[in-house]
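Chain by chain, the residues run as shown.
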Amino acid sequence: MLAQEIKPIKHQKKIELVFSGADYFLRLEKIINTSKKELHLQTYIFDTDSTGLRIVEALKNAADRDVKIYVLLDGFGSNAFSSNIVKELRYHGINIRFFSPLLSLNSFYIGRRLHQKVVVSDAKKVLIGGINIADKYHGTSFETPWLDYAIEIESKVAKPIQQICRNFYFKKRRVRKSKIEDVFIAKEPIEIRVLQNDWLNRKNEIQKEYLKAIGNAQKEIIIVGSYFFPGRKIALALKKASKRNVSIKLIVSGISDVPLLSNASHYLYSIFLKYNIEIYEWNKSVLHGKAAVIDGKWTTVGSFNMNNLSSFGSIEMNVEINSPTFSEKYLLHLNKIINQCSKLTTETLKKRDSNFTRYSNMLSYLFIRFVVIVMTYFTKNRFLKLY
């Protein structure tokens, strides 16, 4: 729907903002179809609906060209992935396995999930973002695609990302830390970094960079926040930024696929509104994006949600881009999104929510906090015990 609004920045390397819908899936198919040696696909949800089956066919065709393919799906998010299709993929020589199956031989396990969405081809081309493989992210003739984003990159960062994917697929647990970054020299230097959050492996890069960027913000913070339920540190950083007279705008989902979490987030809205933080609800589809632009020069896009589950439980991957040109182009799009949103105020919340609704939202907030603490606590204990 909005896929053609941002023209790519031209330089000898490639970094482009990608939209959910046809934009993302055409690029994904092209990457698969042009792969020559090695392809890694790691994602949280891979549905075997019409969109998923198109990607399955592309993978099988690539495997028939002798491309080595490794597919890693989350055991919970992709629990419904067809076992018959798994057999088909393996018949074509594709390596496929599930990360931490929900029911394993040693435990019932739901805490630590493979939440990153990354595709890397021949150590040259990369897609990183928040977009899963399913009809709802592609859209249909009667359904608007969920609003989400990714980044397509062609640069030297693809090589270490491919190694990360290998490490996850082959279960290499002790991996030396290394920065993944590159600088594009165009009309201006464009610095990109690939950030990971895998707290149990001592990686908390995405949250640290969010806190750093928010802490250094001087003018404006715009956050696209699906499942917006920030932990204490990020919430405090936003409040401090507001006190410094930084303009803060949150773009959140008015239509949620997780109503309980949505209710918990609504409880927080009234608190953030007291700090003059502007909140905009997107109601044209489910908002699934996870992104931010700060001071018109720092951008991040990826799989990291602003909640403690992303910070301390799940495995996440984001791209950080330091470029006024890229950020300004993204801001043009986000401002168009804001213009299509419903702005929430203290007054509109009072009119919309009854006393019962506010009480229900508070209970949802307390329950979600409890669930997240339990999930991250048992994740840590299980990790320390087994690894």
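Residues numbered from 1 in each chain as written. Predicted model: local features only at pLDDT ≥ 70, side-chain atom pairs only at ≥ 80, totals over all residues. Heavy atoms only, no water.

Once that is clear, we can look at the overall build of the protein chain. When helices and strands are counted, the protein chain shows 12 helices and 17 strands. Here the protein chain, with 387 residues, has 57% of them falling under the buried criterion. Sequence-distant contacts in the protein chain: of pairs separated by 6 or more residues, those separated by 24 or more amount to 79%. Entry remark: accessible area of the protein chain is about 17900 Å², with carbon and sulfur atoms responsible for 54%. (Helix = DSSP H or I, 4+ residues; strand = E, 2+ residues; numbered from the N terminus. Buried < 20%, exposed > 50% of the residue type's maximum accessible area, 1.4 Å probe, protein only. Contact = heavy atoms within 4.5 Å. Areas by Shrake-Rupley, 256 points an atom, 1.4 Å probe, with all protein chains shown as cover.)

A word on helix α6 (residues 205-216). Over its 12 residues, α6 extends 16 Å from the first C-alpha to the last, a length consistent with the 16 Å expected when each residue adds 1.5 Å. Among the residues making up α6, those that are buried are Ile206, Gln207, Glu209, Tyr210, Ala213 and Ile214. The buried residues of α6 occupy an angular sector of 165° when projected down its axis, which confines them to one face. Residues Lys208, Lys212 and Asn216 are exposed on α6 and point more than 90 degrees away from its buried face. (Expected span 1.5 Å × (residues − 1). Arc of directions from axis to C-beta.)

Here helix α5 (residues 158-169) spans 16 Å end to end across 12 residues, near enough to the 16 Å set by a 1.5 Å rise per residue. Of the residues making up α5, those classed as buried are Ala158, Ile161, Gln162, Ile164, Cys165, Asn167, Phe168 and Tyr169.

The buried count for strand β1 (residues 14-19) comes to five of six residues, which makes it a mostly enclosed element. One ladder, built from six bridges, connects β1 with strand β7 (residues 149-154); its direction is antiparallel. Note that in β7 the partner of leucine 17 across the bridge is isoleucine 151. (Pairing = 2+ DSSP bridges.)

Here we come to the side chain of serine 78. Topologically, serine 78 is positioned in the loop between β3 (68-74) and α3 (83-91). With near-sequence residues (within four places) excluded, serine 78 lies in contact with Tyr44, Ile45, Phe46, Leu73 and Phe98.

Strand order in this open sheet of seven strands is β1-β7-β6-β5-β2-β3-β4, and the pairing throughout is mixed. A strand with exactly one partner marks an edge of an open sheet, and here the two such strands are β1 and β4 (95-99). In this sheet, neighbouring strand axes are inclined to one another by 10° on average, regardless of whether the strands run parallel or antiparallel. The pairing of strand β5 (residues 117-121) with strand β6 (residues 125-129) spans five bridges and is antiparallel. Considered in β6, the bridge of valine 119 is made with leucine 127. Against the sheet, helix α1 (residues 22-34) touches β1, β2 (38-43), β5, β6 and β7, its axis set at about 130° to β1. Contacts from α5 reach β2, β3, β4, β5 and β6 within the one sheet, and its direction differs from that of β2 by about 65°. (Axes fitted to C-alpha atoms, helices over the stretch in contact; angles between N-to-C directions.)

The full count for this structure, using the stated rule, is 18 salt bridges. Of the charged contacts, one joins lysine 249 and glutamate 220 as a salt bridge, the two residues approaching to 3.9 Å between their closest N and O atoms. Separated by 29 residues along the polypeptide, lysine 249 in strand β12 (residues 247-253) and glutamate 220 in strand β11 (residues 220-225) bring together distant segments of the chain. Its relative accessible area of 17% is what places lysine 249 among the buried residues. When salt bridges that share partners are traced, they join Lys14, Glu16, Asp23, Arg27, Glu152 and Glu154 into one network. (Salt bridge = Lys/Arg side-chain N within 4 Å of Asp/Glu carboxyl O.)

It is worth spelling out unusual backbone geometry at this point. For alanine 123, which is not glycine, the phi dihedral falls at a positive 55°. Using a relative accessible area of 22% as the deciding quantity, one classes alanine 123 as partly exposed.

A word on the packing of helix α2 (residues 50-64) against α3. For the pair α2 and α3, the least separation of the axes is 10 Å and the interaxial angle reads 20°. The orientation of α2 with respect to α3, classified from their angle, is roughly parallel. Crossing handedness for the pair α2 and α3: left-handed. Contact with α2, carried on its side by Leu53, Val56 and Lys60, involves Ile85, Glu88 and Leu89 of α3 and no other residues of that element. Looking at the contact of α2 with α3, its residues break down into four nonpolar, no polar and two charged. (Parallel < 35°, antiparallel > 145°, perpendicular 65-115°, else oblique. Left-handed = near helix turned anticlockwise from the far one by under 90°. Nonpolar A, V, L, I, M, F, W, Y, C, P; charged D, E, K, R; others polar.)

Mapped onto the elements, asparagine 339 comes out in helix α10 (residues 324-339). For asparagine 339, a relative accessible area of 66% gives the class exposed. The spatial distance from the C-alpha of asparagine 339 to the C-alpha of tyrosine 280 is 9.0 Å, given a sequence separation of 59 residues.

What follows deals with the confidence of the model for the protein chain. A residue-level look at the protein chain finds 87% of positions with pLDDT of 70 or above and a mean pLDDT of 87. Confidence drops under a pLDDT of 50 for residues 104-109, and excluding neighbours within four residues, the segment shows 12 contacts in the predicted structure. With pLDDT under 50 throughout, residues 382-387 is counted as low confidence; its partners more than four residues away or in other chains account for 10 contacts. (pLDDT = per-residue confidence, 0-100.)

Within a regular beta strand, the side chains point alternately toward one face of the sheet and then the other, so they alternate between its two faces. Counting buried residues in strand β13 (residues 278-282) gives four out of five residues, a clear majority hidden from the surface. In terms of strand pairing, β12 meets β13 through five bridges, oriented parallel. Bridge assignment links lysine 249 to a residue of β13, and that residue is glutamate 278. As paired strands, β13 and strand β17 (residues 342-344) are joined by three bridges and run antiparallel to one another. Paired with isoleucine 279 across the strands is leucine 344, a residue of β17.

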